[in-house]
Amino acid sequence: NPETGSPVWANDDARPGHGTYPTERWRTGETIVDQYTLKIPPNAPEGKYQIEAGLYLLSTGERLPVWVGGQSVPEARLLFAAIDK
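This write-up is about the structure you can find in this document. Everything quoted here is computed from the prediction, not taken from an experiment.

Here is what the cut-offs are and how they apply
Residues numbered from 1 in each chain as written. Predicted model: local features only at pLDDT ≥ 70, side-chain atom pairs only at ≥ 80, totals over all residues. Heavy atoms only, no water. Helix = DSSP H or I, 4+ residues; strand = E, 2+ residues; numbered from the N terminus. Buried < 20%, exposed > 50% of the residue type's maximum accessible area, 1.4 Å probe, protein only. Contact = heavy atoms within 4.5 Å. Patch = residues over 30% accessible without salt bridge, like charges linked within 9 Å, V, L, I, M, F, W, Y side chains within 5 Å. Areas by Shrake-Rupley, 256 points an atom, 1.4 Å probe, with all protein chains shown as cover. Salt bridge = Lys/Arg side-chain N within 4 Å of Asp/Glu carboxyl O.

Digging into the overall build of the protein chain
- A count of helical and extended segments in the protein chain gives zero helices and four strands.
- Helices and strands appear in the protein chain in the N-to-C order β-β-β-β.
- Taking the principal axes of the C-alpha coordinates as reference, the protein chain spans close to 40 × 25 × 25 Å.
- Looking at the protein chain as a whole, 9% of its 85 residues qualify as buried.
- In the protein chain, the share of contacts with a sequence separation of at least 24, taken over all contacts with a separation of at least 6, comes to 54%.

Following this line, the structure appears as structure tokens:
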């Protein structure tokens, strides 16, 4: 992205549940549903865009670990199906 100098074209960064359900109250095995909106700008080139999600500590920016099926996920992020623009 030439405007930001990064590969990111869309971002929605907010506290989970917009701050209504702090992570300190989450329980192991609980499913948390949260919704975010990503708007790819019209000047973004045509192609596939990878969607990823992760959590981090607000105080340090350190990414929190991600576990799927008992295995640690590299780079502490979940990758979703790419979308076409």
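Points about the environment of glycine 69
- Relative to the helices and strands, glycine 69 is located in the loop between strand E2 (67-68) and strand E3 (71-72).
- The sequence separation of glycine 69 and lysine 48 amounts to 21 residues, and the corresponding C-alpha distance is 28 Å.

Section: a nonpolar patch on the surface
- Taken together, the side chains of Val68, Leu78 and Phe80 present a nonpolar region at the surface, about 260 Å² in accessible area.
- The residue leucine 78 is located in strand E4 (residues 78-84) in this model.
- What makes leucine 78 partly exposed here is its relative accessible area of 33%.

Overview of the pattern of salt bridges
- Evaluation of the coordinates by the stated rule reveals five salt bridges.
- Residue lysine 85 pairs with glutamate 46 through a salt bridge whose shortest N-O separation is 3.6 Å. With lysine 85 in the segment after E4 and glutamate 46 in the segment before strand E1 (48-53), this pair connects stretches of sequence that are 39 residues apart.
- Residue lysine 85 is classed as partly exposed on the basis of its relative accessible area, which comes to 28%.
- With relative accessibility at 63%, the residue glutamate 46 sits in the exposed group.
- Residues participating in the shared-partner salt-bridge network are Glu52, Arg63, Glu75 and Arg77.

Read these as spatial facts, not as claims about activity.
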